[in-house]
Amino acid sequence: MLTSQQKTLIQQTIPVLKANGTVLTDYFYHRMLSQVPELRETFNMGHQRDGKQAKALANAVLAYAENIDDPSVLLPVITMICQKHVSLNIQAPDYSIVGEHLLHSISEVLSVPMEDELIGAWGAAYQELAALMIDTEKKIYAQLAKEQGGWSGWREFTIVKKVAETAKVSSLYLAPTDNLALPDYLPGQYISVRINVPSLGYKQPRQYSLSTAPNGQFFRITVKEEMLSQEPGYVSSTLHQQMQVGDLLEVSAPMGDFRVKDATKHNVLISAGIGITPMVAMLEGLTQKDNSTSLPAISFFMSHKMPHTMP
Ligand SMILES: Cc1cc2nc3c(=O)[nH]c(=O)nc-3n(C[C@H](O)[C@H](O)[C@H](O)COP(=O)(O)OP(=O)(O)OC[C@H]3O[C@@H](n4cnc5c(N)ncnc54)[C@H](O)[C@@H]3O)c2cc1C
Ligand code: HEM
């Protein structure tokens, strides 16, 4: 439990940390990933190289500090973050590593000794948030493991079929190498996929929406090869160009809250570009249901040329 003095200290330093937000988060990630290189197989190194570093973590700690008097307002966001963490197999010991590097980063960026009460206060706040998240994640892992066909962490899958949908988009059909059951999932959910990226020499995880309704036999993901300034995306390009039927990859269990909220109502699915993948699964899910009940009106609108800003 944070003391009122610690809360005051934290509240006083929020503006300073916010002003130095980018410096702090860049410093933190560089410090942690250079000293614990194995964590590169957990973080999205595409975010590191294109400048959009994964600042979310430190920003979330700041948001927690801002709401230190009533952190319950952050619960929905915390649940979403924990789902992402579970999808990436983040475990309790990882929190100690992150905590250590975050506190040292605050100390080094603000030139405050580690023994200072300010670092103590931030340490206590981090511990509180970490404990809440570890507990939430533990419950999600337990829930996943007890589902029919479910599992927690990474599971080995084989590419059993590959279909070129367009020159830049491939669908990959994935079956568990152990030939055991697969869980049901909600159309709209995503999985994390982890593969070795030859150009990096280590593994990288990415999220992909499941692009079919559940069928008990295979998962399907549909991947667009990302390319910006002639630079191919690490994972999408490897999946699209190099990986073939028979190749193995690691997959985490279906996750996420994006889904059709009420299948008995009329549903309008609007999407664009590769963003149609979860919609295809939802549409399939809705039409499967409709075989046994009355058919709701489904409008499916998609355009690969939809403008980013609507008039
Ligand atoms: C919940 C969720 C669901 C998703 N579902 C899908 C899906 O169904 N299908 C799908 O295709 N994607 C999906 N994605 C996106 C996917 O996770 C990846 O982000 C995407 O495949 C790109 O990953 P990458 O490793 O290929 O690109 P990265 O290597 O991570 O690069 C990201 C982008 O930055 C560019 N870039 C990187 N470095 C440079 C540089 N030095 N200079 C210029 N540009 C650079 C890359 O070309 C690329 O465009 C989903 C994401 C989420 C979060
Ligand atoms: C209190 C501690 C933590 C907080 C507040 C936090 C916060 C966040 C937030 C806000 C996101 C973005 C979620 C999203 O995009 O949906 C995120 C993603 C992520 N977090 Fe955490 N996190 C914490 C601890 C950890 C730990 C211990 C690890 C593992 C070492 C970790 C690894 C990741 C990874 C890999 C991602 C995906 C983003 C990417 O790779 O770019 N986080 N976290």
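This report concerns the structure included in the present document.

Basis of the calculations
- Residues numbered from 1 in each chain as written.
- Chains lettered and ligands numbered in written order.
- Predicted model: local features only at pLDDT ≥ 70, side-chain atom pairs only at ≥ 80, totals over all residues.
- Heavy atoms only, no water.
- Donors = N, O, S within 2.8 Å, 3.2 Å for Na, K, Ca; no water.
- Helix = DSSP H or I, 4+ residues; strand = E, 2+ residues; numbered from the N terminus.
- Expected span 1.5 Å × (residues − 1).
- Bend = angle between axes of the 7 residues up to and from the residue.
- Buried < 20%, exposed > 50% of the residue type's maximum accessible area, 1.4 Å probe, protein only.
- Contact = heavy atoms within 4.5 Å.
- Pairing = 2+ DSSP bridges.
- Near = heavy atom within 4 Å.
- Polar contact = N/O pair within 3.5 Å; in protein donor to acceptor, adjacent residues only side chain to side chain.
- Nonpolar A, V, L, I, M, F, W, Y, C, P; charged D, E, K, R; others polar.
- Salt bridge = Lys/Arg side-chain N within 4 Å of Asp/Glu carboxyl O.
- Core = buried A, V, L, I, M, F, W, Y, C linked by side-chain atoms within 4.5 Å.
- Domains from an automatic or database assignment.

A few points about the coordination of the iron atom of ligand 2
- Of all protein atoms, just one serves as a donor to the iron atom of ligand 2, and that atom is H85 (NE2), at 2.1 Å.
- Mapping H85 onto the fold places it in helix α5 (residues 75-87).

Here's the deal with helix α1 (residues 4-19)
- The end-to-end C-alpha distance of α1, which contains 16 residues, comes to 24 Å, matching closely the 22 Å that a straight helix rising 1.5 Å per residue would cover.
- The largest bend along α1 measures about 35° and falls at T13, with the proline P15 one to four residues further on.
- Among the residues making up α1, those that are buried are L9, I10, T13, I14 and L17.

A word on the environment of H101
- Among the secondary structure elements, H101 is positioned in helix α6 (residues 92-110).
- Assessed through its relative accessible area of 3%, H101 is described here as buried.
- Residues H101 and F28, spaced 73 residues apart in sequence, show a C-alpha to C-alpha distance of 6.3 Å.
- With residues near it in sequence (within four places) discarded, H101 still touches F28, R31, M32, Q35 and V36.

Quick word on the pairing of strand β2 (residues 169-176)
- Most of β2 is tucked away: 8 of the 8 residues are buried.
- The side-chain alternation of β2 yields two buried faces, one formed by V169, S171, Y173 and A175 and the other by S170, L172, L174 and P176.
- Pairing geometry for strand β1 (residues 155-164) and β2, over 7 bridges, is antiparallel. Opposite K161, over in β2, you have Y173 as the bridge partner.

Description of the site of ligand 2
- Neighbouring residues of ligand 2: 22 residues in total, closest T42, N44, H47, K84 and H85.
- Between N44 and ligand 2, the recorded distance is 2.9 Å, taken from a backbone N or O atom to an oxygen atom.
- In this structure, K84 approaches ligand 2 through a side-chain N or O atom, which is 3.0 Å from an oxygen atom.
- Breaking the shell around ligand 2 down by element, the ones donating at least two residues are α4 (56-66), α5, α6 and α7 (117-146).
- Here the residues of the shell around ligand 2 are counted per class, giving 16 nonpolar, 4 polar and 2 charged.

Some details on the pattern of salt bridges
- Counting across every chain of the model gives 8 salt bridges.
- A salt bridge links E225 to K168, with the nearest nitrogen and oxygen atoms 2.9 Å apart. With a gap of 57 residues between them, E225 in the loop between β5 (219-224) and β6 (227-228) and K168 in the loop between β1 and β2 connect regions that are remote in the sequence.
- A salt bridge links E226 to K224; the nearest nitrogen and oxygen atoms lie 3.5 Å apart.
- In this structure K224 comes out as partly exposed when scored by relative accessible area, which is 33%.

Things to note about the nonpolar core
- One finds W122, L174, F219, I221, L239, L249 and V251 to be the most contacted residues of the largest nonpolar core, which totals 69 residues.
- Per-element accounting of this core gives the leading share, 12 residues, to α7.
- Each of domain 1 (4-146) and domain 2 (155-251) contributes no fewer than three residues to this core.
- Contact partners of F219, with chain neighbours within four places excluded, come to W151, F157, L172, Y173, L174, L182, P183, Y185, I191, L210, V251 and P254.

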